[in-house]
Amino acid sequence: TIDVLKRPPGVVVSERGLLVKNSTPVLYINNKRVYLSSEETLSLLGSMDAALIKSLDVITNPSSKYDADAGTVVNINTTRAVVVGYKGSVNGTYEQAVYAKQRIGTSHFYKNDWLNAYGSYSFSPRKEYKEDDNNTRFFLANEATTNGYRDSFFTRETKSNAHQGNAVLDITANENHSFGFSANVFISPNKSYQNKALSFNTNSQQQLDSTFTTASSSMRNTSNLAFNANHTWILNTAGAQLVTDANYVSYNADRYQDVATNYFSANGAPTRSNNFITVGSQESAIATGQIDLSIPAHSGALESGVKYSRVETNSDTDFLDTSGTETVIINSLSDIFEYKEHIFAAYIGYSKEWLKWSISLGLRGEQTGITGESKTQSGINTQDYFELFPKASLLYNANDDNSFGISYARAITRPKYESLNPFRYFINENNFTDGNPNLVPEIDSKYTVSYTYKNTWFLEAYYWHVKNPLEELRFQNNNTRALQSIDTNLIKEYQYSLDLVFANPVTSWWYLQVVTSGFFIENEFFALQSNQEVAVANTYGFYGQMYSGMVISEALGLSSDLTALYISNLIFGSYT
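Everything numeric in this text was worked out from a predicted model, so none of it was measured. (Residues numbered from 1 in each chain as written. Predicted model: local features only at pLDDT ≥ 70, side-chain atom pairs only at ≥ 80, totals over all residues. Heavy atoms only, no water.)

A. Inspection of helix α2 (residues 38-46) at higher detail. Restricting attention to buried positions, one finds in α2 the residues Glu 40, Thr 41, Leu 44 and Leu 45. Relative to the axis of α2, the buried residues are bounded by an arc of 135° and lie together on one face. (Buried < 20%, exposed > 50% of the residue type's maximum accessible area, 1.4 Å probe, protein only. Helix = DSSP H or I, 4+ residues; strand = E, 2+ residues; numbered from the N terminus. Arc of directions from axis to C-beta.)

The following block contains the structure:
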């Protein structure tokens, strides 16, 4: 599925996860939201057989029916049995990179007059390798004179064995009532990380001062169990329907990390060592209930609905100093974090086509209440707010060859609970990542103008403004020489972009798609290590993507896919 997601225009698969037009989309499978982090989403999609995909929807302007934090949506629709009877398959893949990766799976379909059933299971043993070279320049207090340098060489080996299972039951009771039940299970036991780092400290003349080595091992167990039940009621022959939907997600993770750092003088003599262990766990439960009503009205469609969602997560971590003869718990680096979130939402939308025009209007309101309590570090952080999210689009079809459109959408991105968790993850004692329980949501506003020619050429210009963007910033402390990454809110970010897309069969056997995008991005943020000074980062950039699909031999079932991707400059928080 990861390979398939590299084909749609504007979709990028990177280390940061999925990106659509430089924003992180919300993932749905069969119109059901998936609650996973970016890393876990990539792992899930990497173990999902692409042969199960019936269609793939990339929605850059989703309707008010979707959650307000769904600024962009990727929805994967899996196949169902289309003929009466049973069909099954067994499949496997092998990938050779620095290390080998495999996946084996099986899928089963059954259909009769009233039941459509589907089940699948896959097992993905993987071993992955990461290499990172890092150069840091430290300054004196005047921020103009170099105080020294640090060169670090880092490697990581990751071993994982992911299990993924899916089951779907669609039951047709009669012509007016149908029921659906589904389960999605993702389990990744004993995922291990072996990190090694070698660092060199030099003075301002780049003469060696000291070195240190870090070896750390980490183990993580993750399980994500998602269950859904839904009922569809066809209200009349005109197509009005009422859909009731309930979801429950149980997410659990525990982790263990053992870090050992040894320091040496310039001549190689050992000077000191630092050893510690961190142990943590996280338990999360997500429950949602939703009712959606759609009614054909006045040659258009009217839809409305309500939704309630509740998230509860409990996390704890212990920091144990093992440098001495006895293990000592460090209370200042240990914590228990409890997080609760509830959202009440209601929406209404209307769409209509007439003559050469089509219009879509929507308004969604969400009342959000959040409580985050850090037992030993940060106290209680509460948020209670109501926001409206209007959406509107207008399309004019001048003739069969030319159409023009404008749209506006307002959306929200709430902090992920793993980002709100104040715990610290260490590469070594001088290089760590912190969560932030004081994060607030970001608010996005997007204005778009578009033109389409012969449904083959697509031109789109948009302006995108974000208030309080959620990002990870990286800072260095020139006194302690510590490197800190922290989840935080930027002050603002905005982007101008002009996109041109060509997508069309060139011949009966060759389909070609070319995407180009020129853009300008700028953000502002507080430089935490520089007395809260405002820093500005901006860049012009270019993005290009190409997909070519050729049928070599229809009789033999042979085809070729070729993808190419180019990105010049981008900005992520403090990174350019």
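The rest of the description comes next.
B. The arrangement of the nonpolar core in detail. Ranked by size, the top nonpolar core spans 18 residues in total, and within it Leu 27, Val 34, Leu 44, Leu 45, Val 74 and Ile 76 carry the most contacts. The greatest single-element share of this core, amounting to three residues, is contributed by helix α1 (residues 2-5). Apart from residues lying up to four places away in sequence, Leu 45 is in contact with Thr 1, Ile 2, Leu 5, Leu 18, Leu 27 and Ile 76. Listed in part, the 15 residues of the second largest apolar core include Ala 68, Tyr 417, Phe 423 and Ile 443. (Core = buried A, V, L, I, M, F, W, Y, C linked by side-chain atoms within 4.5 Å. Contact = heavy atoms within 4.5 Å.)

C. Spotlight on the environment of Leu 56. Secondary-structure assignment places Leu 56 in strand β5 (residues 53-59). The exposure class of Leu 56 is partly exposed, given its relative accessible area of 22%. Taking C-alpha positions, Leu 56 is 20 Å from Gln 164, a pair spaced 108 residues apart along the chain. For Leu 56, the contacting residues outside a window of four places in its chain are Val 4, Leu 5, Pro 8, Val 74, Asn 75 and Ile 76.

D. Structural view of empty space enclosed by the protein. The tally for this structure, following the rule as stated, stands at three cavities of 30 Å³ or more. Along the walls of the largest cavity sit Glu 39, Glu 40, Ser 43, Ser 160, Phe 186, Ser 188, Lys 191, Tyr 193, Arg 220 and Thr 222, which together make up its complete lining. Secondary structure elements with two or more residues in the lining of the largest cavity: α2, β11 (177-202) and β12 (208-234). Per-element accounting of the lining of the largest cavity gives the leading share, four residues, to β11. For the lining of the largest cavity, a count of residues per class yields two nonpolar, four polar and four charged. (1 Å grid on protein atoms, 1.4 Å probe; cavity = no way out; pocket = protein on both sides within 12 Å on 5 of 7 lines; lining within 4 Å. Points joined across faces, edges and corners; volume = space filled by probe spheres on them. Nonpolar A, V, L, I, M, F, W, Y, C, P; charged D, E, K, R; others polar.)

E. Structural detail: the environment of Ile 348. If you trace the backbone, Ile 348 turns up in strand β17 (residues 335-354). Separated by 284 residues in the primary sequence, Ile 348 and Ser 64 place their C-alpha atoms 7.0 Å from one another. With residues up to four places along the chain from it excluded, the contact list for Ile 348 reads Ser 64, Leu 302, Glu 303, Ser 304, Leu 361, Gly 362 and Leu 363.

F. Inspection of the sheet that holds strand β26 (residues 482-489) at higher detail. An order of β21-β22-β26-β25 is seen for the four strands of this open sheet, with the pairing classed as mixed. The sheet is open, and its two borders are formed by β21 (424-428) and β25 (470-477), each paired with just one other strand. Averaged over neighbouring strand pairs, the angle between their axes works out to 20° when direction is ignored. As defined by bridge partners, strand β22 (residues 431-434) adjoins β26 across four bridges and the pair is classed as parallel. (Pairing = 2+ DSSP bridges. Axes fitted to C-alpha atoms, helices over the stretch in contact; angles between N-to-C directions.)

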